[in-house]
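# Fold and contact review
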Amino acid sequence: MWKPLLFFSVWLSLTVPLQLIAVFTIFQPLLAVDKSGIIMLGLLLLSTIANVYFATRVWKWIEDKLYKRKTFM
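What you see is a predicted model, and the numbers here were worked out from it, not measured in a lab. Starting from 1, residues in each chain are numbered consecutively following that chain's sequence as written. Residues qualify for local features only when their pLDDT is at least 70, as the model is predicted, and side-chain atom pairs are given and counted only at 80 or more; totals for whole chains, interfaces and linings, by contrast, use all residues. Only hydrogens and water are set aside when side-chain values are computed; all heavy atoms of the structure are taken into account.

## What about the overall build of the chain?
Counting its regular elements, the chain contains three helices and zero strands. Ordering the α and β elements of the chain from the N terminus gives α-α-α. At 17 Å, the chain has a C-alpha radius of gyration far larger than the 11 Å of a compact globule built from 73 residues. Expressed as lengths along the three principal axes of its C-alpha atoms, the size of the chain is roughly 60 × 20 × 15 Å. Going along the chain from the N terminus, every DSSP run of H or I of four or more residues is numbered as a helix, and every run of E of two or more is numbered as a strand. This radius of gyration counts C-alpha atoms alone. The globule rule is 2.2 Å times how many residues there are, raised to the power 0.38.

## As for the pattern of salt bridges
When a carboxyl oxygen of Asp or Glu is within 4 Å of a side-chain nitrogen of Lys or Arg, the pair counts as a salt bridge. According to the stated counting rule, one finds one salt bridge in the structure shown. Residue Asp-64 pairs with Lys-68 through a salt bridge whose shortest N-O separation is 3.6 Å. Linking Asp-64 with Lys-68, this pair stays in helix 3 (residues 38-72), spanning four residues, or about one helical turn. The exposure class of Asp-64 is partly exposed, given its relative accessible area of 35%. Between buried and exposed lies partly exposed: a residue is buried under 20% and exposed over 50% of the maximum accessible area for its type, with that area taken using a 1.4 Å probe on protein chains only.

## Observations concerning the nonpolar core
Grouping buried Ala, Val, Leu, Ile, Met, Phe, Trp, Tyr and Cys residues that are joined through side-chain atoms within 4.5 Å yields what is termed a nonpolar core. Core analysis: the biggest nonpolar cluster contains five residues, these being Phe-7, Trp-11, Ala-55, Val-58 and Trp-59. Mapped onto this core, the elements with two or more residues apiece are helix 1 (2-26) and helix 3. Broken down by element, this core gets its largest block of residues, three residues, from helix 3. Any two residues whose heavy atoms approach within 4.5 Å are treated as being in contact. The residues contacting Trp-59, other than those within four sequence positions of it, are Lys-3, Pro-4, Phe-7 and Phe-8.

## Re the environment of Leu-41
Along the chain, Leu-41 turns up in helix 3. The exposure class assigned to Leu-41 is exposed, which follows from its relative accessible area of 52%. Along the primary structure Leu-41 and Thr-56 are separated by 15 residues, whereas in three dimensions their C-alpha atoms are 22 Å apart.

## Observations regarding the packing of aromatic side chains
To describe a pair of aromatic rings, one takes the distance between the centres and the angle between the planes. Classification of ring pairs uses Phe, Tyr and Trp, with its six-membered ring standing for Trp, and accepts pairs whose centres are within 6.5 Å; under 30 degrees between planes counts as stacked, over 60 as edge-to-face, and the remaining range as tilted. What the rule picks out here adds up to four aromatic pairs. For the ring pair Phe-7 and Phe-8, a centre distance of 5.7 Å and an interplane angle of 80 degrees mean the geometry is edge-to-face. Ring pairing ties together the aromatic residues Phe-7, Phe-8, Trp-11, Phe-54 and Trp-59, which thus form one cluster.

Printed below as a string of structure tokens:
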């Protein structure tokens with residue numbers, strides 16, 4: 001139970017700053033036009049959902065590899 005929580009906390013703490021730098025650097029001209037910040041929140045939400053989805057896929061792959069290694073040894 002603690003392994004997925006540890007993995008997700010480490011994964012998100014490492015990737016979220018890099019993700020925000022990349023997204024806001026790419027879309028900086030679009031964000032300069034919007035003064036209310038709605039586009040920024042939308043981009044943040046979409047990129048975070050994509051990051052969590054990718055982390056889930058990576059965790060499933062790691063879990064599958066660990067299960068196969070423990071089962072077949």
